[in-house]
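Breakdown of the fold
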Amino acid sequence: MFRNYFRTAIRFIKRNKAFAGINALGLSIALAASFIILLYVINELSYNHMHKNRKHVYRVVNYYEDFKMTMSGTPYVLASTLKEEFPQVEKAVRARRILGFRIKLKDDLIDLPGAVATDSEVFDIFTLPLVYGPSHENLLEDRNSIVLSQSISQRLFPGQDPVGKEITGMVDNEEHLFVVRGVFRDIPQNSTFIAQCLVNSKWTLEPINKTFKISNAESDWTMDFWTTWVRLSGNSDPAAINGQFKAFETKHISEDPHKLYSLQTLSDVYLRSENVANSGIQGSLKNIRLFSGIAFLIIIVATINYIILSTAVSTGRSKEIGIRKTFGAGNKTIRDQILSESVALSMTVLPVSLIFAWFSMPYAGRLFQTRLNIINANIPLYICAYLVLAIVIGLASGIYASGYLSRLRVIDVLKNTNISGKSRYFFRSVLIVAELIIFCTFVSAAMIIRSQYRFAVNKDPGYFNRDILLVDLGRDFKGYSSFINSLRTSPNVILAGGTMASLPMQGSMSSMYPHFQEKEKLVNVEGMAIDFGFLGTMGIKLTEGRDFSPDFGSDLTQSCILNETAVRALGIVDPVGKKLGSYTIIGIAKDFNLHSIHKGIPPISVAMTDRYIQQVAVHYRKGTLSAVLPFIESEWKKAAPDRPFSYTTIEDLTKDIYSSERNLTSIVSIFGLFTLVIAAFGLFGLTLYVSRSRTREIGVKKVFGSSGKRIIASFLKENLILVTVAAVLSIPVTLYFMNGWLKNFAYRISISWWIFVTTFLLAAIVVLITVFFHSYKASRTDPVIALKYE
């Protein structure tokens, strides 16, 4: 039966090539766009699914009560203590990346940014199958043990089993000998735990001891620099463990620890960590909902398109259905047949849509800010999802036409009473308006997002956002003083200054200080660590006091500068000369945006450092970048010949910070274009069939003296009314969603009226051009031929 339906459907498609062709184009675009979004959504939702024990694996997160902030960092000692004191904890490890880890390959050094220091039980927590190695037990017990990923092993030892072989690794710029204990299969990209190689966790202790001038990082409960992963027994209740953490912290930290541990399931780590600082790789449920909504709207437009065209072409099918009913066909048979035609068309364009989607994936990946790769483990999901989507679109598209046509009565068909009328015209008009509302909403939203992006990039942040070059030093840069002094000798360099993190900052450092008037009240003050000259280099103005100066020896360790917001938040009167903790306030800086404009200006305390300088800001004369850059690079090679030269301009950094807004503009614009193209196809086809059905009417009008221009004008007027209605109805929809989106910014634009006028004009131009083609053709019809029509 289904085979007969399908054959009949194919014959119908062949007979109605114009109808099928226009629908096929619309469905192809809709399916291709939906497939790309579906690929993104499946990949995002499948994160960490390759780990067999994921239901029992948890990350310990750390809530700081004073700062009202959750962090992923925990102390080194936590993992072993949890395993000792909680019987529900079967396995526990600490993990931390080793910055600057490199491996020697002959005379070259291979950078491994994915080097992770952890413990042997990591193989019991995460699914890391071994390619080489006797057993995963105790693989990292020896300090000099290393376990390589398969790709790194193949690069170092092509086609060999490297177990037992020695390699030289660089840790903190010092050479150490490592012994390969195993090789694990490359971790899939949809895992939050990613590593190129694994080494013993003790390698992370010495850098912390050195940085903070301590000797007990392995037992210090305040050093929250490791991620702690645990695997619970099968019948454990994580809520019960969370309830015991308060007593646990009181026992090991203090009577009032000001922080609270809790467990976060592995399934939530990727998509539900937006409020966890320093969480590492993470996705966005907002993006999943946003892109899924866009795909749904495109599918709706394609479905509406099919309904419009199928009701338009039904005029020519009524006699066919009447004849089939005369010969005994029932309503169900007719309905199933028309549904099968719709599904057949959807399935026919499926391969074409997949080809479109495949070639669009690299560009779409850049827009979505992720790699849109085909993940082997997800292939069955892709196939099922794509087939289901194609069938659902086919069924949804054909359900109205099948219901309407199957209910036609033979007597009505012969009398020609059901094939036309105001109700069907009104229904098609409503559908066209719905398509245009979606298009207008997309266009208005894209313009609003772009306006906000341009506002963010061009807004005065309170410091120079042009002609600043930022040079990355990295950790433990030995030649800093000589390097920055050499930069200042260039006539094209106005000023240069070092900083721990450049502006706008993407991380944060906070401290709590008591309010000067209300002593029991604590104020969260964000910190900046800089060197002499940085404020001047960035153009940050002082309203009171002075800048840091080498002439004052105490500035390096005992002085700070507050911004105006900090003075107000702390309730300080005449702040210069007052003490803030161990610091003396020497100046007040005019307010500036420490972070992006997503956040307001916080209270800021700026202090000096000579140990944590990791970037140098260089203010150069306008138009001299091409001369300044080679000079800086030559001085870099003198100061650090063994380090790569890495830099960015403040313009590029600012654009990168707002890249999600820029990409969202492109995404909404592109999908708005898809919507317009699909709607235009439908309108084009509808105008074709309407002009044909009104051929006799046009002939009569021409006989009674109507000109071709008036006939064209009547077509254009009808469609212009539809565009106007759609543009007006799209305004409250756009305002509702975009006002909600703009609330993500502390500084935002106001939505201007010209956006909606521009949207209306654009929609009107496209619709009128689309309609004009067939209306012009219809207006040229010979009245004699027209009166013979039908």
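Going by the structure above, here's the rest.
Because the structure is predicted, anything quoted here is derived from the model rather than measured. (Residues numbered from 1 in each chain as written. Predicted model: local features only at pLDDT ≥ 70, side-chain atom pairs only at ≥ 80, totals over all residues. Heavy atoms only, no water.)

Time to look at the overall build of the protein chain. Each helix and strand in the protein chain was counted, giving 25 helices and 25 strands. Split into buried and exposed, the 790 residues of the protein chain put 51% on the buried side. Carbon and sulfur atoms form 58% of the exposed surface of the protein chain, whose accessible area is close to 37,200 Å². (Helix = DSSP H or I, 4+ residues; strand = E, 2+ residues; numbered from the N terminus. Buried < 20%, exposed > 50% of the residue type's maximum accessible area, 1.4 Å probe, protein only. Areas by Shrake-Rupley, 256 points an atom, 1.4 Å probe, with all protein chains shown as cover.)

This brings us to the packing of helix 15 (residues 480–487) against helix 19 (residues 625–639). At a minimum axis distance of 10 Å, the contact between helix 15 and helix 19 shows a crossing angle of 155°. Relative to helix 19, the element helix 15 is oriented roughly antiparallel. Here the hand of the crossing between helix 15 and helix 19 comes out right-handed. Residues Phe483, Ser486 and Leu487 of helix 15 form the contact with helix 19, whose own contacting residues are Phe631, Ile632, Glu635, Trp636 and Ala639. The class makeup of the residues in the contact of helix 15 with helix 19 is 6 nonpolar, 1 polar and 1 charged. (Axes fitted to C-alpha atoms, helices over the stretch in contact; angles between N-to-C directions. Parallel < 35°, antiparallel > 145°, perpendicular 65-115°, else oblique. Left-handed = near helix turned anticlockwise from the far one by under 90°. Contact = heavy atoms within 4.5 Å. Nonpolar A, V, L, I, M, F, W, Y, C, P; charged D, E, K, R; others polar.)

This paragraph deals with the side chain of Ser444. The residue Ser444 is located in helix 14 (residues 422–458) in this model. The class of Ser444 is buried, set by a relative accessible area of 0%. Ignoring any residue separated from it by four or fewer positions in sequence, one finds Ser444 in contact with Thr734, Ile755, Phe756 and Thr759.

Another aspect to go through is the pattern of salt bridges. Evaluation of the coordinates by the stated rule reveals 14 salt bridges. Salt-bridge contacts for Glu175 lead to Lys104; the nearest nitrogen and oxygen are separated by 2.6 Å. Separated by 71 residues along the polypeptide, Glu175 in strand 10 (residues 174–184) and Lys104 in strand 4 (residues 102–105) bring together distant segments of the chain. Owing to a relative accessible area of 49%, Glu175 belongs among the partly exposed residues under this scheme. By relative accessible area, which is 34% here, Lys104 ends up partly exposed. (Salt bridge = Lys/Arg side-chain N within 4 Å of Asp/Glu carboxyl O.)

Taken together, the side chains of Asp172, Glu174, Glu206 and Asp476 make up a negatively charged region of the molecular surface. As for its placement among the helices and strands, Asp172 is situated in the loop between strand 9 (166–171) and strand 10. (Patch = residues over 30% accessible without salt bridge, like charges linked within 9 Å, V, L, I, M, F, W, Y side chains within 5 Å. Lys, Arg positive; Asp, Glu negative; His and termini not counted. Charge placed at Lys NZ, Arg CZ, Asp CG, Glu CD.)

Among the structural elements, Glu435 can be located in helix 14. In contact with Glu435, not counting residues within four places along its chain, are Val301, Ile304, Asn305, Ile308, Thr675 and Ala679.

Among the nonpolar cores identified, the biggest contains 111 residues, and Phe368, Leu503, Met528 and Met538 are the most heavily contacted of them. When sequence neighbours within four positions are dropped, the list of residues in contact with Met538 reads Tyr463, Phe464, Ile468, Leu503, Ala617 and Ile650. Counting 20 residues, the second-largest nonpolar core is a separate cluster that includes Ile125, Phe184, Phe193 and Ala195. (Core = buried A, V, L, I, M, F, W, Y, C linked by side-chain atoms within 4.5 Å.)

So, about helix 7 (residues 238–252). Along its 15 residues, helix 7 runs 20 Å from first to last C-alpha, staying within 8% of the 21 Å computed at 1.5 Å per residue. Along its length, helix 7 reaches its greatest deviation from straightness, about 35°, at Phe245. Every buried residue of helix 7 is accounted for by Ile241, Phe245, Phe248 and Glu249. Between a side-chain oxygen at the N-terminus of helix 7 and the backbone nitrogen of Ala239 the separation is 3.1 Å; the capping residue is Asp237. (Expected span 1.5 Å × (residues − 1). Bend = angle between axes of the 7 residues up to and from the residue. Polar contact = N/O pair within 3.5 Å; in protein donor to acceptor, adjacent residues only side chain to side chain.)

Attention now moves to the packing of aromatic side chains. Scanning all chains against the criterion turns up 22 aromatic pairs. Between the aromatic rings of Tyr382 and Tyr386, the centroid separation amounts to 6.4 Å while the plane-to-plane angle is 15°, which identifies the pairing as stacked. With Tyr382 and Tyr386 both in helix 12 (residues 379–406) and 4 residues apart, the pair spans about one turn of that helix. For the residue pair Tyr382 and Tyr386, the accessibility class agrees, reading buried in each case. One aromatic cluster is present, built from ring pairs that chain together Phe86, Trp221, Phe245, Phe248 and Tyr261. If you follow Arg94 out to its NZ or CZ, it ends over the ring of Tyr76, 4.0 Å from the centre. Above the face of the Phe516 ring, Lys519 is positioned so that its terminal group lies 5.6 Å from the ring centre. (Phe/Tyr/Trp six-rings, centres within 6.5 Å; stacked < 30°, edge-to-face > 60°. Lys NZ or Arg CZ within 6 Å of the ring centre and 35° of its normal.)

This brings us to unusual backbone geometry. Cis geometry is adopted by the peptide bond preceding Pro504, which originates at Leu503 and carries an omega value of -10°. Along the chain, the position of Pro504 falls in the loop between strand 16 (493–499) and strand 17 (510–514). The residue Lys213 is not glycine, and still its phi comes out positive at about 55°. Secondary-structure assignment places Lys213 in the loop between helix 6 (205–212) and strand 12 (227–232). By relative accessible area, which is 65% here, Lys213 ends up exposed. One non-glycine residue, Asp467, adopts positive backbone phi at about 60°. Its relative accessible area of 19% is what places Asp467 among the buried residues.

What sets the pattern is the α-helix's 3.6 residues per turn: residues three or four places apart point alike. Among the residues of helix 20 (residues 650–657), those classed as buried are Ile650, Glu651, Leu653, Thr654 and Ile657. Within helix 20, the buried residues cover an arc of 165° as seen down the axis, which keeps them to one side. (Arc of directions from axis to C-beta.)

A contiguous nonpolar surface patch, about 1,000 Å² in accessible area, is contributed by Val352, Ile355, Phe356, Trp358, Phe359, Ile374, Ile379, Ile383, Leu387, Ile391 and Leu395. Summarising the element assignment, Ile391 is placed in helix 12.

Next up on the list: the environment of Ile152. Tracing the backbone shows Ile152 in helix 5 (residues 150–156). In this structure, Ile152 is in contact with Leu112 and Gln196, ignoring residues within four places of it in sequence.

In short, shape yes, function no, at least from these values alone.
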